[in-house]
Amino acid sequence: MTLNFTLRQLEYFHAVAAHSSISAAAEKQRISRSALASAISDLETALGCRLFTRQKARGVMLTPVGAQLLEMSREVLDSASRIEAVLRGAELSGSLGIGCFNALGPTVVPPLLDHFRRNHPRVTLRVQTGMLEELTAMLKSGEIELAVGYGLNYDSLLQAEEVYTERMHVILPEGHPLAEKDVVSASDLRDETMVLLDTPQNSENVRSYFAGQGFVPRIGYRFKNFEVIRSLVARGVGYSLVIQHPVTNLSYEGLGIVPRPLDPPPFPVSVSVAWLVGRALSPLAREARTALQAMDRPPAASRFYDD
C-alpha cells in the first residue's frame, strides 16, 4: 500500500493546529507561509477531506475530521521520532513542550532546563505555565507533551507519576504572636485574617483542611500570585497556608516571613509529572520524565514534617 501523504505534511498539520494560524506555524517551522499552506492543501487533497476552516481575523480552526486526524496522527509522529532516535543512536535533538503549575516553576523549571542544557544541548524546551485546566487543554491540543503540577493524579484523562510530596504550612509576619510558637494549631487561626492563595487546587486544600477542624477561615484577601501572598503576609495583612517553601524567608520587599508547621498536619499533596492516557511518549519526553524523577527534592520542601 502506498501512502499519499508524508510525515512532514503531518508535522506541518500539527503545527498549524497548535497555533491556529498558518503564518505562526510557518514561522515556528522556519518555512515560508506559502510552502506550509501548500503542504496542508496537498494533505487535504490526499485524504479527500477538509482539515481546517479559514476565518478572517481569527486564523484557522480544526474541522471535526481534522480533530480526528490530530488525535490519530500523534502516535504516528511519536513512533517515527522513536524510530529515528533508536536506529540512528544519535544525540537527542528537537523541541519538547512541557507545562508546569505557576507556583512550581521556580523550583522545577531551572533544574530541568539545566539538565538538558548540560546533557542534551540540541534539545529546545518550550515551557508553558498555567493552572490544571490550562495544562490539560495544552496536553490535549498537543502543545505540550508533559505537565508537572499538583493534583494531576486525580484527573482520569491523565497518567501521572509522583515526583515528591509536600504538605501545607502556615506563613506569618515577623512579630506575630503565633510566630513565637514552634507549631501552630489550626484552632489558633480561627479568628485571624487569612490571605488566600486563590488557585483551584490550593483553595480546595485550604477549605478541606479547615472543614476537618470544624470551622471556616476568615478570608480577607484573595490573590492568585504566590509572591503577592508572601508580600502581604510580610506586611502584616494576615496569614496564609501554602505548600511551596522558598529557601529564603524574605518577601520581595525584604520583609520577614515566618513559616511554621500546622497541627494537625495537613494531608500530603503529590507533585506529579503527567501525560495523556494512552499516548506514547517521545524520546524527549521520556528523557524529561526520567530527569524529573531523578530531580532533588526542593531543599525546604515539607521540612517541618516527617515525610
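Computed from a prediction, not measured in an experiment: that's the story for all the values here. (Residues numbered from 1 in each chain as written. Predicted model: local features only at pLDDT ≥ 70, side-chain atom pairs only at ≥ 80, totals over all residues. Heavy atoms only, no water.)

With respect to the side chain of serine 203
Here is step 1: Tracing the chain through its elements places serine 203 in helix α7 (residues 200-212).
Here is step 2: Serine 203 sits in the buried class, given a relative accessible area of 19%.
Here is step 3: For serine 203, the side chain forms a polar contact with the side chain of aspartate 198, separated by 2.9 Å.
Here is step 4: Those residues in contact with serine 203 that lie beyond four places of it in its chain are Leu196, Leu197 and Asp198. (Helix = DSSP H or I, 4+ residues; strand = E, 2+ residues; numbered from the N terminus. Buried < 20%, exposed > 50% of the residue type's maximum accessible area, 1.4 Å probe, protein only. Polar contact = N/O pair within 3.5 Å; in protein donor to acceptor, adjacent residues only side chain to side chain. Contact = heavy atoms within 4.5 Å.)

Things to note about the packing of aromatic side chains
Here is step 1: The full count for this structure, using the stated rule, is 4 aromatic pairs.
Here is step 2: Seen in terms of ring centroids, phenylalanine 101 and tyrosine 150 are 6.0 Å apart; in terms of plane orientation they differ by 80°. Their pairing is edge-to-face. Of this pair, phenylalanine 101 sits in strand β3 (residues 94-101) while tyrosine 150 sits in strand β5 (residues 146-150), and the two are 49 residues apart along the sequence.
Here is step 3: Classification of tyrosine 150 by relative accessible area gives buried; the value is 4%.
Here is step 4: An angle of 50° between the planes, with centres 5.0 Å apart, marks the rings of phenylalanine 210 and phenylalanine 215 as tilted. Residues phenylalanine 210 and phenylalanine 215 agree in their burial class; the two are buried. (Phe/Tyr/Trp six-rings, centres within 6.5 Å; stacked < 30°, edge-to-face > 60°.)

A closer look at the sheet that holds strand β6 (residues 158-166)
Here is step 1: Pairing within the open sheet is mixed, and its 5 strands lie in the order β4-β3-β5-β14-β6. Edge positions in the sheet fall to β4 (123-130) and β6, since each of these pairs with one other strand and no more. Taking the axes of each pair of neighbouring strands and ignoring which way they run, one obtains an average angle of 20° across the sheet.
Here is step 2: Across 4 bridges, the pairing between β5 and strand β14 (residues 269-276) is antiparallel. Paired with tyrosine 150 across the bridge in β14 is valine 271. (Pairing = 2+ DSSP bridges. Axes fitted to C-alpha atoms, helices over the stretch in contact; angles between N-to-C directions.)

What about the side chain of serine 240?
Here is step 1: Here serine 240 lies in strand β11 (residues 240-242).
Here is step 2: Reaching out from serine 240, the side chain makes a polar contact with the backbone oxygen of valine 195 at a distance of 2.6 Å.
Here is step 3: Excluding residues within four positions of it along the chain, serine 240 makes contact with His169, Val170, Ile171, Val195, Leu197, Ile229 and Val233.

A closer look at helix α6 (residues 132-141)
Here is step 1: When we look at burial in α6, the residues that qualify are Leu135, Thr136, Met138 and Leu139. Down the axis of α6, the buried side of the element spans an arc of 160°, and every buried residue falls inside it.
Here is step 2: Phi for glycine 142, located one or two positions after α6, is positive at around 90°. (Arc of directions from axis to C-beta.)

Brief notes about unusual backbone geometry
Peptide bonds are, in most cases, trans, and in most cases residues other than glycine have a negative phi.
Here is step 1: Here aspartate 263 and proline 264 are connected by a cis peptide whose omega angle stands at 5°.
Here is step 2: Position of proline 264 among the secondary structure elements: in the loop between β13 (262-263) and β14.
Here is step 3: Of note in the backbone geometry, serine 20 takes a positive phi value of approximately 55° without being a glycine.
Here is step 4: For serine 20, the position within the fold is in the loop between α1 (7-19) and α2 (22-29).

What to know about the packing of α1 against helix α3 (residues 33-47)
Here is step 1: Where α1 meets α3, the closest approach of the two axes is 9 Å, and the angle between their N-to-C directions is 110°. One way to sum up the angle between α1 and α3 is to call them roughly perpendicular. Of the residues in α3, those in contact with Gln9, Leu10, Tyr12, Phe13 and Val16 of α1 are Leu36, Ala39, Ile40, Asp42 and Leu43.
Here is step 2: Taken together, the residues of the contact of α1 with α3 break down into 8 nonpolar, 1 polar and 1 charged. (Parallel < 35°, antiparallel > 145°, perpendicular 65-115°, else oblique. Nonpolar A, V, L, I, M, F, W, Y, C, P; charged D, E, K, R; others polar.)

A few points about the pattern of salt bridges
Here is step 1: Summed over the entire model, instances satisfying the criterion amount to 10 salt bridges.
Here is step 2: The shortest N-O distance in the salt bridge between aspartate 188 and lysine 181 comes to 2.7 Å.
Here is step 3: Exposure remark for aspartate 188: the relative accessible area of 26% places this residue in the partly exposed category.
Here is step 4: Close ionic contact of arginine 207 with glutamate 204 constitutes a salt bridge, the shortest N to O distance being 2.8 Å. You can see arginine 207 and its partner glutamate 204 sitting in helix α7, 3 residues apart, about one turn around the helix.
Here is step 5: On the accessibility criterion, arginine 207 (48% relative accessible area) is partly exposed.
Here is step 6: Salt bridges sharing common partners tie together Asp114, Arg117 and Arg118. (Salt bridge = Lys/Arg side-chain N within 4 Å of Asp/Glu carboxyl O.)

Overview of the sheet that holds strand β12 (residues 257-260)
Sheets are built from strands paired through backbone hydrogen bonds, the pairs being either parallel or antiparallel.
Here is step 1: Taken in spatial order, the 3 strands make up an open sheet running β11-β7-β12, and their pairing is antiparallel. Edge positions in the open sheet fall to β11 and β12, since each of these has one partner strand only. With strand direction ignored, the average angle separating the axes of adjacent strands in the sheet is 35°.
Here is step 2: With 4 bridges connecting them, strand β7 (residues 169-173) and β12 associate as antiparallel partners. In the strand pairing of β12, proline 173 is matched with isoleucine 257.
Here is step 3: Here helix α8 (residues 226-234) sits on the sheet and contacts β7, β11 and β12; the angle it forms with β7, its principal contact strand, is near 50°.

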